[in-house]
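Fold and contact review
Chain by chain, the residues:
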Amino acid sequence: SAKPIIPSPNGRVSVIVVLKRSFGNEMIEFKAGAFKVALRSKKPLVPITLIKHKKKRIFSKVTIHIHKSLEYTDFKHLKSKELSESVKQIIEDAL
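Reading the values: rules and limits
Residues numbered from 1 in each chain as written. Predicted model: local features only at pLDDT ≥ 70, side-chain atom pairs only at ≥ 80, totals over all residues. Heavy atoms only, no water. pLDDT = per-residue confidence, 0-100. Helix = DSSP H or I, 4+ residues; strand = E, 2+ residues; numbered from the N terminus. Contact = heavy atoms within 4.5 Å. Salt bridge = Lys/Arg side-chain N within 4 Å of Asp/Glu carboxyl O. Buried < 20%, exposed > 50% of the residue type's maximum accessible area, 1.4 Å probe, protein only.

Re the confidence of the model for the protein
Interpretation of this model should avoid reading the predicted coordinates in detail wherever pLDDT is low. Per-residue pLDDT for the protein has a mean of 75; in total, 69% of the residues score no lower than 70. Here strand S1 (residues 6-7) stands out as the element of the protein with the lowest mean pLDDT, 52, in contrast to helix H2 (residues 72-75), whose mean of 90 is the highest. Low pLDDT (under 50) marks residues 1-5, which in the prediction has six contacts with non-local residues, meaning those over four places away or in another chain.

If you want it as structure tokens, here you go:
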């Protein structure tokens, strides 16, 4: 399997978790696995929300919401499932 951690020379770690909505308006459940990487890396976590505005055109407007960074000290005591639920709530609050 592909490694989800992409280290860079500046010490940052990038983990991209692609999630989608269900066919309704509710968000599907977040999987905890990707958040294990965030816990192991001991780096800040920056949730990002992409909101596609529904238009029946070739190009659609997308709003990008970059949330406040979560420092490792803020989530190091959480289990990966708890961290995934916390990030899901942050994203849902932006919708």
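A few points about the pattern of salt bridges
A full pass over the atoms with the stated rule returns one salt bridge. Note that lysine 81 is salt-bridged to glutamate 85, the shortest N-O span being 4.0 Å. Within this pair, lysine 81 and its partner glutamate 85 are both found in helix H3 (residues 80-94), separated by four residues, close to a single helical turn. A residue is classified by how much of its surface remains accessible, and lysine 81, at 34% relative accessible area, is partly exposed. Classification of glutamate 85 as partly exposed rests on a relative accessible area of 45%.

Side note on the environment of alanine 94
Mapped onto the elements of the fold, alanine 94 is located in helix H3. Taking the C-alpha atoms as reference points, alanine 94 and threonine 49, separated by 45 residues in sequence, lie 7.6 Å from one another.

Observations concerning unusual backbone geometry
One non-glycine residue with positive phi stands out, namely lysine 42, at about 60°. Accessibility expressed as a relative area gives 56% for lysine 42, which makes it exposed.

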